[in-house]
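Read off the chains here:
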Amino acid sequence: MNTGSDPTARVTERTLARAHQLATAFLTSLPERPVSLVASPEDMRAALDEALPETGSDPTAVIEEWFARAERGITASPGPRFFGFVTGGVTPAALAGDWLASAIDQNAGMWASSPAAVQTELVVLRWLKDLFGLPAEWAGALTSGATMANLVGLGAARQWAGRRLGFDAARDGLAGQPPITVVSSSEIHLSASKCLGTLGLGRQRLRQVAAAGGSVDVAAMRSLLRTIDGPVIIVGNAGEVNSGHFDDLGALADLRDSHPAGAWLHIDGAFGLFAAVSPGLAHLCRGVERADSLASDAHKWLNVPYDSGFAFVRDAAILRESFAASGAYVVGGAGWDPLTHVPEMSRRFRALAAWCALKAFGRAGYRAVVERCVDNAAAFARWVDATPGVELMNPVPLNIVCFRLVGREDGELATDELNRRAVKEIQADGRAFVTGTVWNGRAAIRAAFDNWRTTRQDVERLQAAVEDVAIALMR
Ligand SMILES: Cc1ncc(COP(=O)(O)O)c(C=O)c1O
């Protein structure tokens, strides 16, 4: 960059160069770095809490200072040995795209504020539909993650149900209107039930049926629907978070089609949708193309930086009705305005990271990433199965392995406590990061495989960490 005599440009260049050094040192260290230094809240408060500075500081010194003070609390979550929650890494192209998005700082809310950002988003949405075999005519938008994608899909569902019941939910609100019924399995993701709260549909009003093993009991759902007179929103899972299991999406679509008062099928495919990329796994997603709305994440298996997700809705008019926005100062321009499809108005240019990631890997690259992750999950599951003192909680159809240590002590309570301690000990060990859960009422451990860089050697290090912790705790 020729910064010439512009002092602001010189400061920017120097500060970005330092951020670049810090970032590359961090990225280079990822394969070997301890995956967590297990900072306590007190550690982080001591490291970072301070009064608002009254005067400013040199920007290069600021960025250095933050990194040095915060480092203990930075997990190696983009690295290949972070198996907690459902966490993707970041491909080089995605990272470069994200950096550039910050530098050019486009407002991707409206065509008028950035035709480049909006057209890029349209292309990314079309590529994603193509990648997953979804109908090309579906409307959609990028979101901050699957939670907001669930909000977009369920917001459109609410609008549809209101119309069936004779009111306009976005315009009139829900107060005094006939209730809208939402049904799901017991394994609905907490983000979707959070959305039901946000949308005024009510977390507690959700009607649920069993999901033994993670997949909805279709017969129970059929029976439940028979007891409901009005229009219904059905929420299905393409990839349940603890087990990776899928609802029978085709069966849910059939139930939607046969409900006398009409039904809307929303599917949460935050990570499971990526099964559709692999010919050998695509059967898990069969029926997803019959959904009315679909939520997924890009910061998981697409391996783009936080935060990034996407939502699709079959009926573009209902989607626009849900999130319409017009005002004297945001008159629609020549092209598409994403702000009429999502809750936000101004928004980050997320499409650039996704565009770069998809362009750099292509369909074949993402197929390879998904299949490698699924192979790694299967290898780990085989190890769990073959290792005394560890047991699988569930068969593993995709990329989530739910397992637990089985202690010598009698009693489930002792085993539950053993597993809760094991999660903490594995995290503290630093070789691999796993998170805990409760499955079938029992404390368990989850390992999720979404990172594009994870190798079989990384899986072996996870195994060694689990084995060492198990031996130490059961001694
Ligand atoms: C099935 C499912 N749905 C929704 C979410 C929420 O996604 P996000 O945290 O990106 O909003 C997750 C996150 O793990 C998930 O696994």
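Cut-off values and rules
Residues numbered from 1 in each chain as written. Predicted model: local features only at pLDDT ≥ 70, side-chain atom pairs only at ≥ 80, totals over all residues. Near = placed C-beta within 6 Å. Nonpolar A, V, L, I, M, F, W, Y, C, P; charged D, E, K, R; others polar. Core = buried A, V, L, I, M, F, W, Y, C linked by C-beta atoms within 7 Å. Buried ≥ 20, exposed ≤ 12 C-beta atoms within 10 Å, placed from the backbone. Helix = DSSP H or I, 4+ residues; strand = E, 2+ residues; numbered from the N terminus. Domains from an automatic or database assignment. Contact = placed C-beta atoms within 7 Å. Pairing = 2+ DSSP bridges. Axes fitted to C-alpha atoms, helices over the stretch in contact; angles between N-to-C directions. Parallel < 35°, antiparallel > 145°, perpendicular 65-115°, else oblique. Left-handed = near helix turned anticlockwise from the far one by under 90°.

With respect to the site of the ligand
- Residues in close proximity to the ligand total 14 residues, the closest being Gly145, Ala146, Thr147, His189 and Ala270.
- Considered class by class, the residues forming the shell around the ligand number six nonpolar, six polar and two charged.

With respect to the nonpolar core
- Ranked by size, the top nonpolar core spans 131 residues in total, and within it Ile233, Ile234 and Ala354 carry the most contacts.
- Top element by residues in this core is helix H12 (residues 351–386). It accounts for 16 residues.
- The residues that make up this core include at least three from each of domain 2 (97–358) and domain 3 (362–474).
- Those residues within four positions of Ile234 in sequence are excluded, and the remaining contacts are Val183, Leu252, Leu255, Arg256, Ala263, Trp264 and Leu265.

As for the sheet that holds strand S2 (residues 181–185)
- With mixed pairing, the seven strands of this open sheet are ordered in space as S1-S7-S6-S5-S4-S2-S3. At either margin of the open sheet sits one strand with a lone partner, and together these are strand S1 (139–143) and strand S3 (207–209). Across the sheet, the mean angle separating the axes of adjacent strands is 20° when strand polarity is ignored.
- Two strands pair when backbone bridges link them, and S2 and strand S4 (residues 232–237) are joined in this way by four bridges, in the parallel orientation. Paired with Val182 across the strands is Ile233, a residue of S4.

Quick notes on the environment of Ala379
- Structurally, Ala379 is set in helix H12.
- Distance in space between the C-alpha atoms of Ala379 and Arg456 is 8.2 Å, their sequence separation being 77 residues.
- Not counting residues up to four positions away in its chain, the partners in contact with Ala379 are Arg456 and Val459.

Some remarks on the sheet that holds strand S11 (residues 442–448)
- Within the open sheet, the four strands sit side by side as S8-S9-S11-S10. Their pairing is antiparallel. Edge positions in the sheet fall to strand S8 (390–392) and strand S10 (435–439), since each of these pairs with one other strand and no more. Taking the axes of each pair of neighbouring strands and ignoring which way they run, one obtains an average angle of 45° across the sheet.
- Relative to strand S9 (residues 400–405), S8 runs antiparallel, the two being bridged by three bridges. Bridge pairing links Val390 to Leu405 in S9.
- Each of S8, S9 and S11 touches H12; the most contacted strand, S9, lies at about 20° to it.
- Where helix H13 (residues 412–429) meets the sheet, it contacts S9, S10 and S11, and its direction lies at approximately 30° from that of S11.

Regarding the packing of helix H5 (residues 115–132) against H12
- Between H5 and H12, the shortest axis-to-axis distance is 9 Å and the interhelical angle comes to 25°. One way to sum up the angle between H5 and H12 is to call them roughly parallel. Classified by chirality, the crossing of H12 by H5 is left-handed. On H12, the residues touching Ala117, Thr120, Glu121, Val123, Val124, Trp127 and Leu131 of H5 are Ala351, Leu352, Ala354, Trp355, Leu358, Arg363 and Tyr366.
- For the contact of H5 with H12, the class distribution of residues is 11 nonpolar, one polar and two charged.

Considerations on the domain arrangement of the protein chain
- Domain annotation for the protein chain reports domain 1 (7–74), domain 2 (97–358) and domain 3 (362–474).
- With centres defined by C-alpha atoms, the gap from domain 2 to domain 3 works out at 30 Å.
- Of the residues lining the interface, 20 residues belong to domain 2; the matching set on domain 3 comes to 19 residues.
- Taken together, the residues of the side of domain 2 that touches domain 3 sort by class into nine nonpolar, 10 polar and one charged.

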